[in-house]
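What follows is each chain in one-letter form.
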Amino acid sequence: MASAFRTRAGLALSRERVRGNIRRAMDGLVAKRRAAFPDDAELAQLRDQGQAIRDHALANLPALLEQLEQRCRVNGMQVHWAADAAQANAIILDLLRGHGAKAVIKGKSMVSEEIGVNAYLERHGIEPIETDLGELILQLGNEHPSHIITPAVHKDRAEIAALFNRHFPDEPCSDDIDQLTALARRVMRARFQGATVGMSGVNFAVAETGTLCLVENEGNGRLSTTAPDMHIAVTGIEKVVARLDALAPLLTLLTRSATGQPVTTYVNMISGPRKPDERDGPREVHLVLLDNGRSRIHADPELRATLRCIRCGACMNHCPVYTRIGGHGYGTVYPGPIGAILEPQLQGLQVQGELAQASSLCGACAEVCPVRIPIPQLLNRLRHEHAEGPTASQSPSQSASPASSQSVPIQAVPGGHRPGLQGRVWRAWALLHASPARYRWMRRTIGGMGGLLDGPFGGLLGGLFGPWTRSRTPPRLARRGLQDLARQEGFADD
Amino acid sequence: MTDTRTQILQRLRSANTATASVPGSEPASPSAATLTSAPTWPVRRFDWGPEELTDRFRRGIEAVRAEVHAVGDDWPRQLAALLQARGARNLRYGPDGPLAPALIQGWPTAEGVPRLVPHDQPIEACRRALFDDTDAGFTACRAGIAETGSLVLWPTPAEPRLLSLVPPIHCVLLEADRIVSTLHELMQREGWAQRMPTNALLISGPSKSADIEQTLAYGVHGPAELIVLLRTTSAAGTGSAPPATADTARTAAC
Ligand code: SF4
């Protein structure tokens, strides 16, 4: 029964130091977010706007993408479309080779993690240089982000100092955070100065004006998109919004939800390459629009809400599962509650379906999500499909067929009924609860035994409920149920 | 590639989207339709008087470790003193920038005062000098945002993008009457949607990171210091008059 996820989660739970690092950081972020939204009414209003903007964008996605493409072209950018990671990587490699680049400086981007562009470029002889401090730490340590906003959150200063000292032996440093930061600056300066191509993600792409909006605090994002001759921006197709003024509420929702900042140090709005009379900025700007499963998610009216996400990370900061196992416990690019709904849809339930179980359904994520994604509801939907198979029998590869189907399955391979026990247990449960007579019989039997788990069968069933009762008091049925008590008070049985 | 584009768009169209984007029935200009159907809401702004605008802007940007100095017409002297105290050797500025004449004219000539260095070459010709030999950069700015304590810059050929980014100290002159309450108000007032520049920026404080133990460290890749010279001209401050509209001569140039 020990699945890959359970093994990983178990391992993550045993790493006390990492758990401490993550817990401290998450507590801090939760407090900062709370302080950033002092006015409940204002927050509710902003979330309404955020949801409306993102819903509108998704409802009009094809038209908005066409408009974005057209506006970007008018502005002098070049637009590329990629169906999946392989295509996106090939496009990027082509651009880099066409430019004669040996290296590329990168701003922090989760989509670039999603397509695995670093490993791909390395295999093809081009050096990807992460410039965000957190991403640099991960690249040196050969690790992946454990959080979508603060990627090296699992590491503490001592570990980072050791890592820096190993990689930059000529510049010894202590574990003083200012010193570590200064070292990162020195190391990166030369790279920024010499870079010919920069890569970045996109936070919001505005169809109305052909504007790419990027937020950051370090300045590496601005440098990566301004200093080199060529800028390649990679973004999921869902990041588009219709109008420029949508940025106002979205930015404030994003930065306050993510880190409690009223605004990030830099908000960088790029609407084209360098104009003939301008003295710096890239001469070429390329926008790569990545699908990679998003159009499939888009086809399902309920699951589509997943694509509203603005990647603020608030859901993971508040998640009791994430705060315990951290991002690496999920083993996916996107961790936390958003990862638990997004990854099974991107990769298929057969591959990542179990992630939908990585939740206590406490609802904290939905309560804080700035665009009101009903994450618990979607988790339930995915759990159901994982256990029962999809509601409609259509495989993703056929999902381009007519709009008649209500629901497109997200299983990579159709017919993934959860085998064995779980299905049988629920069928038995349904059978017993469907008829008053059967229910009465069950109640009497179990009540008579003094409750399932502490009754004579407790030892037997204890194994079955094992992991659950290890840290919990087993439930105990009242000797007399509500039905009995009601009848005693003179209520009729129906 | 065109194929991929068509396929992606087709997959998106085949979904039962809320609005009528059925294949074959698209409006001639999809843009017009999608823009008018986009949700709208009243402009988010606050009725803050000039003093409150200035005060909020100042508190906001100081909270993220920018330095704000109220200045008058002798601001170049004050700036020179601030930079000299920091041991800066030079200050790069755009000679065609809107404030360049005043800067040059008011710059003191005494011993030890940082040297003014014109920044008037394409980056290809001055990359080394900008990265290695520049201690401070000076730019004008378009506006300030009181709600978040942000400077708004639209870099121009005269004051290009890297001038506010590469030098370790960024110095900005902001006219107090250019402070508005929110970004939304500014976008609306100035009609940004019709005239976005190559690059528009909000800058709120010096470069920073909290990537190590959520502890703030300043000057990661961008400037480690941000010096804001806040100039209150005598003409401003006439009761609760709103800030000047977009196209005063000064901002058009900046
Ligand atoms: S799902 Fe909501 S809370 Fe989570 S990252 Fe996305 S927008 Fe933020």
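Since we're looking at a predicted model, the values are computed, not measured.

**Brief notes about the overall build of chain B**
Then, in step 1: On a plain count of helices and strands, chain B comes out with eight helices and 12 strands.
Then, in step 2: Buried positions account for 50% of the 254 residues belonging to chain B.
Then, in step 3: Contacts in chain B between residues at least 24 apart in sequence constitute 78% of all its contacts with a sequence separation of at least 6.

**Here we look at the sheet that holds strand β12 (residues 225-231) of chain B**
Residues and elements named next belong to chain B.
Then, in step 1: Read from one edge to the other, the open sheet built from six strands follows the order β1-β12-β7-β4-β2-β3, with strand pairing classed as parallel. If you trace the sheet from one side to the other, it starts and ends with β1 (67-71) and β3 (115-118), each paired once. The average undirected angle you get between the axes of adjacent strands in this sheet is 25°.
Then, in step 2: As defined by bridge partners, strand β2 (residues 90-93) adjoins β3 across four bridges and the pair is classed as parallel.

**With respect to the site of the ligand**
Then, in step 1: Around the ligand sit 13 residues, and of these Cys309(A), Cys312(A), Cys315(A), Ile338(A) and Cys369(A) come closest.
Then, in step 2: Its residues assigned to classes, the shell around the ligand shows 11 nonpolar, one polar and one charged.

**Some thoughts on the sheet that holds strand β6 (residues 150-153) of chain B**
Then, in step 1: Judged by pairing direction, the sheet is mixed, and its eight strands sit side by side in the order β8(A)-β5(A)-β6(A)-β9(A)-β9(B)-β6(B)-β5(B)-β8(B) without closing on themselves. Only two strands of the sheet have a single partner each, and these edge strands are β8 (240-241) of chain A together with β8 (179-180) of chain B.
Then, in step 2: Note that strand β6 (residues 211-216) of chain A and strand β9 (residues 266-270) of chain A share five bridges and pair antiparallel. Looking at the pairing, Cys213(A) lines up with Met269(A) of β9(A).

**Here's the deal with helix α16 (residues 336-347) of chain A**
All names here are of chain A.
Then, in step 1: Here α16 contains 12 residues, and its C-alpha end-to-end distance of 16 Å stays within 8% of the 16 Å for a straight helix at 1.5 Å per residue.
Then, in step 2: Most of α16 sits out of view: 11 of its 12 residues are buried.
Then, in step 3: Those residues of α16 hidden inside the fold are in contact with α13 (294-298), α14 (314-317), α15 (322-325), α17 (349-352), α18 (364-368) and α19 (375-388).

**Quick word on the UniProt feature "domain: LUD" (unreviewed entry) in chain B**
Then, in step 1: Those places that UniProt annotates as "domain: LUD" (unreviewed entry) correspond, in this numbering, to residues 57-230 of chain B.
Then, in step 2: This span, residues 57-230 of chain B, is 25% helix and 28% strand, and a straight line between its end C-alpha atoms measures 10 Å.

**Observations regarding the interface of chain A and chain B**
Then, in step 1: Taken together, the contact pairs 81 residues of chain A with 73 residues of chain B.
Then, in step 2: A total of nine residues in the side of chain A that touches chain B trace back to one element, the largest contributor, which is helix α10 (residues 177-194) of chain A.
Then, in step 3: Taken together, the residues that form the side of chain A that touches chain B break down as 36 nonpolar, 27 polar and 18 charged.
Then, in step 4: The pairing of β9(A) with strand β9 (residues 199-203) of chain B spans five bridges and is antiparallel. Paired with Asn268(A) across the bridge in β9(B) is Leu201(B).

**So, the packing of helix α9 (residues 157-167) of chain A against α10(A)**
Residue and element names in this part refer to chain A.
Then, in step 1: Look at α9 against α10: their axes get within 11 Å of each other, and the N-to-C directions meet at 35°. The handedness of the crossing between α9 and α10 is left-handed. Taking contact as the criterion, the partners of Arg157, Ile160, Ala161 and Phe164 in α9 are, on α10, Ile177, Leu180 and Leu183.
Then, in step 2: Looking at the contact of α9 with α10 residue by residue, the class counts come to six nonpolar, no polar and one charged.

**A word on the nonpolar core**
Then, in step 1: Counting 196 residues, the largest nonpolar core has Val241(A), Leu250(A), Val288(A), Val228(B) and Leu229(B) as the members making the most contacts within it.
Then, in step 2: For this core, the element with the most residues is helix α12 (residues 247-259) of chain A, which contributes seven residues.
Then, in step 3: Not counting the four nearest positions on each side in its chain, Val288(A) is found in contact with His80(A), Ala82(A), Ala88(A), Ile91(A), Ile92(A), Ile232(A), Ala233(A) and Val234(A).

Parameters at a glance
- Residues numbered from 1 in each chain as written.
- Chains lettered and ligands numbered in written order.
- Predicted model: local features only at pLDDT ≥ 70, side-chain atom pairs only at ≥ 80, totals over all residues.
- Helix = DSSP H or I, 4+ residues; strand = E, 2+ residues; numbered from the N terminus.
- Buried ≥ 20, exposed ≤ 12 C-beta atoms within 10 Å, placed from the backbone.
- Contact = placed C-beta atoms within 7 Å.
- Pairing = 2+ DSSP bridges.
- Axes fitted to C-alpha atoms, helices over the stretch in contact; angles between N-to-C directions.
- Near = placed C-beta within 6 Å.
- Nonpolar A, V, L, I, M, F, W, Y, C, P; charged D, E, K, R; others polar.
- Expected span 1.5 Å × (residues − 1).
- UniProt positions renumbered as here; feature names shortened; annotations may be inferred.
- Left-handed = near helix turned anticlockwise from the far one by under 90°.
- Core = buried A, V, L, I, M, F, W, Y, C linked by C-beta atoms within 7 Å.

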